[in-house]
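Chains, contacts and geometry: an overview
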Amino acid sequence: MRKTPIGDSAIQLHTADIVTDEAVLAARALADQISRSCPPFVRDVVAVYVDITVYFDASEREAAVAWLENALASAAFPTDSTSIEPSTHSIPVCHRESFAPDLQAIANRVGRSSGDLIELFASRVYTVGAIGFLPGFAYLLGLDASLHSPRLAEPRPRVRAGSVGIGGSQTGIYPSESPGGWNIIGRTPMPMFDATRTPSARLRCGDRVRFKPITSSEFDRWK
Amino acid sequence: MTIIQPGMLTSVQDTGRYGHRCDGVPTGGAVDAVSMQLANLAVGNPAAVAGLECTLVGPRVRFSQDALIAVAGATVQGIEPLRPILVRAGKPVSLEKLSRGCRSYLAVAGGIDVPTVLGSRSTALRSGFGGFQGRPLRRGDVLPIGTPPPNPPRNCRIDARCFGAGLPSIRITSAHEHVELATQFCEATYTISHQSDRMGLRLTGGRDLPQPEAIQLSRAVAPGTIQRPPGGEPIVLLADAQTVGGYAVIGHVIAADLHHLAQLRPRDTIRFSLITLDEAAVAAKNQRSLLRTIALGMSAAQRRRI
């Protein structure tokens, strides 16, 4: 497994060369195994797609490197992906016009109705590739190739919390209000991040996600 | 503690939020964590408790009971740095005029006793949680102060010169086995842009650098990571930076020099120098020993009631 230093306080493990749903889940499972035995000078273990980054106190670099070698030697990897069961989430999304400022533009470009687009979007099962950008922001893999859309040339100064967007080949949900450059095609009423809970993010790397279209009144009634 | 005037950007910060990067939560905390820790030690607090981070123009505050305070980081006009100062109840304290640096840290004996969120009292300003109501302080805010340590220090002063203020350059390690890009990066002098904040320092003066290879999917980054957006100027990530980034990376500022970045003001100029990971580890160890030595000295002084 290739290891790359990320400065003096982190090391990145490259667990696979190709990003697949299985490889993402296997990397997450390995990150879970490693983090079970963390000494205090290891601060974070983070899976991002197929890379795992281990962050540590820079003044304990030697100890961290030695610990990581041991942790990897005793970890079961590659993990048999059939033995790890990913969580599956159903996320309600309302595609009403005011929530989906970029839906029609994508529909026009693809040459289909926005209804077809919503149906296509909801027909896929997505895999959480990474969490980042914002607390709880999930980068989802598995978008139908016809829906791939370049990011906006000018990012919006304000994207509302819950907005569901398409950025390149990925889709994602803004957990909180933020500037953003993804094409917004809907909004979920389901909170994606809550700092008062542990874990604070609803989704984890390797999890599966389905989007369920809901009406405006279902959105307004959602609790 | 009551905020009479909030200053430009004053927030509750401690030494950061760890263990939640897997949920996309930045580490946050004091951008100059060394100064935050030194200010705490000067009032007899454990190094990691919460204080105030003040930016460019600090606040004016008042305490409802006598309080022991200390400041560190950028120079605060009228307050001797790193010395415990007893402030009488009701008497306003001004941290408004900051010079020689960008951020000052105010520690109060007992610490700022806001609730812990995800293991830290730091304010996550971008996401709006932690600290005091998840936001910068405003006029009229009243912050709870914790129980002061027994036998607080009185007549002592910490010397912070050993932390190397006024370094000729900020030390970095290369992001790649091939060091050409990082070497070239270190040849230029950069100016800090006005668009810098707690998430990152934007540098100007690096336009002629070769463009590193673009990356396909976002990768983990860390405070200190030097990013190069396509066609743009370099950005050095700071405490509030997002946990993953999609830009090409030139190198990483070493952990022991992050606190110097925190003190750079817009229009300041800066140079970088390339060192090895082994050299960076020595610098990190030295910094930790200095902080530990000061902490031991302070607790010995408290036992003797200096």
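Just so you know, these numbers come straight off a predicted model, no measurement behind them. (Residues numbered from 1 in each chain as written. Chains lettered and ligands numbered in written order. Predicted model: local features only at pLDDT ≥ 70, side-chain atom pairs only at ≥ 80, totals over all residues. Heavy atoms only, no water.)

Along the backbone of chain A there are five helices and 13 strands. Expected size for 223 residues packed as a compact globule is a radius of gyration near 17 Å; at 19 Å, chain A falls within 12% of this value. With the C-alpha coordinates of chain A rotated into their principal frame, the extents come out at 55 × 35 × 30 Å. A sequence separation of at least 24 residues applies to 63% of the contacts in chain A between residues at least 6 apart. (Helix = DSSP H or I, 4+ residues; strand = E, 2+ residues; numbered from the N terminus. Rg over C-alpha atoms; globule rule 2.2 N^0.38 Å. Contact = heavy atoms within 4.5 Å.)

Another aspect to go through is unusual backbone geometry. Here the amide bond leading from Thr-198 of chain A into Pro-199 of chain A is cis, since omega sits at -5 degrees, within 30 degrees of zero. Within the secondary structure, Pro-199 of chain A is located in the loop between strand E12 (183-187) and strand E13 (208-214). A positive phi angle, close to 50 degrees, is found at Asn-151 of chain B, a residue other than glycine. Positionally, Asn-151 of chain B belongs in the loop between strand E8 (98-108) and strand E9 (170-174).

What follows deals with the packing of aromatic side chains. Counting across every chain of the model gives 14 aromatic pairs over all chains. For the ring pair Phe-133 of chain A and Phe-137 of chain A, a centre distance of 5.2 Å and an interplane angle of 85 degrees mean the geometry is edge-to-face. Phe-137 of chain A carries the same exposure label as Phe-133 of chain A, and that label is buried. Ring centres of Tyr-139 of chain A and Trp-182 of chain A lie 5.8 Å apart, and the angle between their planes is 70 degrees; this geometry places the pair in the edge-to-face category. With a gap of 43 residues between them, Tyr-139 of chain A in strand E7 (residues 138-141) and Trp-182 of chain A in the loop between strand E11 (178-180) and E12 connect regions that are remote in the sequence. Among the aromatic residues, those joined into a cluster by ring pairs are Phe-133, Phe-137, Tyr-139, Tyr-174 and Trp-182 of chain A. Positioned above the aromatic ring of Tyr-55 of chain A, the side-chain terminus of Arg-21 of chain B is 3.6 Å from the ring centre. A cation sits over an aromatic face here: Arg-126 of chain B above Phe-133 of chain A, 5.2 Å from the ring centre. (Phe/Tyr/Trp six-rings, centres within 6.5 Å; stacked < 30°, edge-to-face > 60°. Buried < 20%, exposed > 50% of the residue type's maximum accessible area, 1.4 Å probe, protein only. Lys NZ or Arg CZ within 6 Å of the ring centre and 35° of its normal.)

What follows covers the interface of chain B and chain A. Across the contact, 33 residues belong to chain B and 34 residues belong to chain A. Of all residues in chain B, Arg-21, Asp-23 and Leu-217 of chain B give up the largest surface area on contact with chain A, accounting jointly for 19% of the area buried on that side. Here chain B and chain A share 11 residue pairs in polar contact (both at pLDDT 80 or more) between them. Secondary-structure elements contributing two or more residues to the side of chain B that touches chain A are strand E12 (219-220) and helix H4 (277-304) of chain B. With six residues, H4 of chain B is the largest single contributor of residues to the side of chain B that touches chain A. Residues that form the side of chain B that touches chain A fall into these classes: 18 nonpolar, nine polar and six charged. (Buried area = accessible area lost by both parts, 1.4 Å probe. Polar contact = N/O pair within 3.5 Å; in protein donor to acceptor, adjacent residues only side chain to side chain. Nonpolar A, V, L, I, M, F, W, Y, C, P; charged D, E, K, R; others polar.)

This part is about the domain arrangement of chain A. Residue and element names in this part refer to chain A. In terms of domains, chain A is made up of domain 1 (2-83) and domain 2 (88-221). Distance between the C-alpha centres of domain 1 and domain 2: 29 Å. Listed per partner, the contact involves nine residues of domain 1 and 12 residues of domain 2. Of the roughly 880 Å² buried between domain 1 and domain 2 on both sides combined, carbon and sulfur atoms contribute 51%. Contact with domain 2 buries surface across domain 1, with Asp-21, Arg-28 and Tyr-49 losing the most and accounting together for 58% of the total. Here domain 1 is connected to domain 2 by two salt bridges. Two residues, Asp-207 and Arg-28, come together in a salt bridge whose shortest N-O distance is 3.7 Å. (Domains from an automatic or database assignment. Salt bridge = Lys/Arg side-chain N within 4 Å of Asp/Glu carboxyl O.)

Next up on the list: the sheet that holds strand E1 (residues 2-5) of chain B. All names here are of chain B. Spatially, three strands are ordered E1-E4-E7 in an open sheet, and the strand pairing comes out antiparallel. In this open sheet, the two edge strands, each paired with only one partner strand, are E1 and strand E7 (93-94). Pairing of strand E4 (residues 60-62) with E7, which is carried by two bridges, proceeds in the antiparallel orientation. Bridge pairing in E7 places Arg-60 opposite Ser-94. (Pairing = 2+ DSSP bridges.)

Now for the side chain of Arg-228 of chain B. Residues and elements named next belong to chain B. Along the chain, the position of Arg-228 falls in strand E13 (residues 225-228). Lacking a salt bridge, the buried Arg-228 has Glu-233 as its closest oppositely charged neighbour, with an N-O distance of 6.2 Å. Reaching out from Arg-228, the side chain makes a polar contact with the backbone oxygen of Leu-209 at a distance of 3.2 Å. (Lys, Arg positive; Asp, Glu negative; His and termini not counted.)

Tallied over the entire structure, the rule returns 22 salt bridges over all chains. Notably, a salt bridge pairs Lys-285 of chain B with Glu-62 of chain A, separated by 3.1 Å at the nearest N-O pair. In this pair, Lys-285 of chain B is assigned in helix H4 and Glu-62 of chain A in helix H2 (residues 61-74), connecting two distinct chains. Its salt-bridge partner being Asp-113 of chain B, residue Arg-121 of chain B comes within 3.5 Å of it at the nearest N-O pair. Overlapping salt bridges bring together Arg-28, Asp-32, Arg-204 and Asp-207 of chain A as one network.

Residue pairs three or four apart in sequence face the same way in an α-helix, which turns once every 3.6 residues. Under the 1.5 Å per step criterion, the end-to-end length of helix H1 (residues 21-35) of chain A is 21 Å for 15 residues, consistent within 8% with the ideal 21 Å. What H1 of chain A keeps buried is the set Ala-23, Val-24, Leu-25, Ala-26, Ala-27, Arg-28, Ala-29, Leu-30, Ala-31 and Ile-34 of chain A. (Expected span 1.5 Å × (residues − 1).)

It is worth spelling out the pairing of strand E6 (residues 126-131) of chain A at this point. All names here are of chain A. Taking burial as the measure, the six residues of E6 include six buried ones, the bulk of the element. Of the strand pairs in this sheet, E6 and E13 are connected by two bridges, and their pairing is antiparallel. When the sheet's bridge partners are listed, Tyr-126 is paired in E13 with Val-209. Two strands pair when backbone bridges link them, and E6 and E7 are joined in this way by four bridges, in the antiparallel orientation. If you follow Ile-131 over to E7, its bridge partner there is Ala-138. What sits between E6 and E7 in their antiparallel hairpin is a turn of six residues, with Phe-133 showing a positive phi close to 65 degrees.

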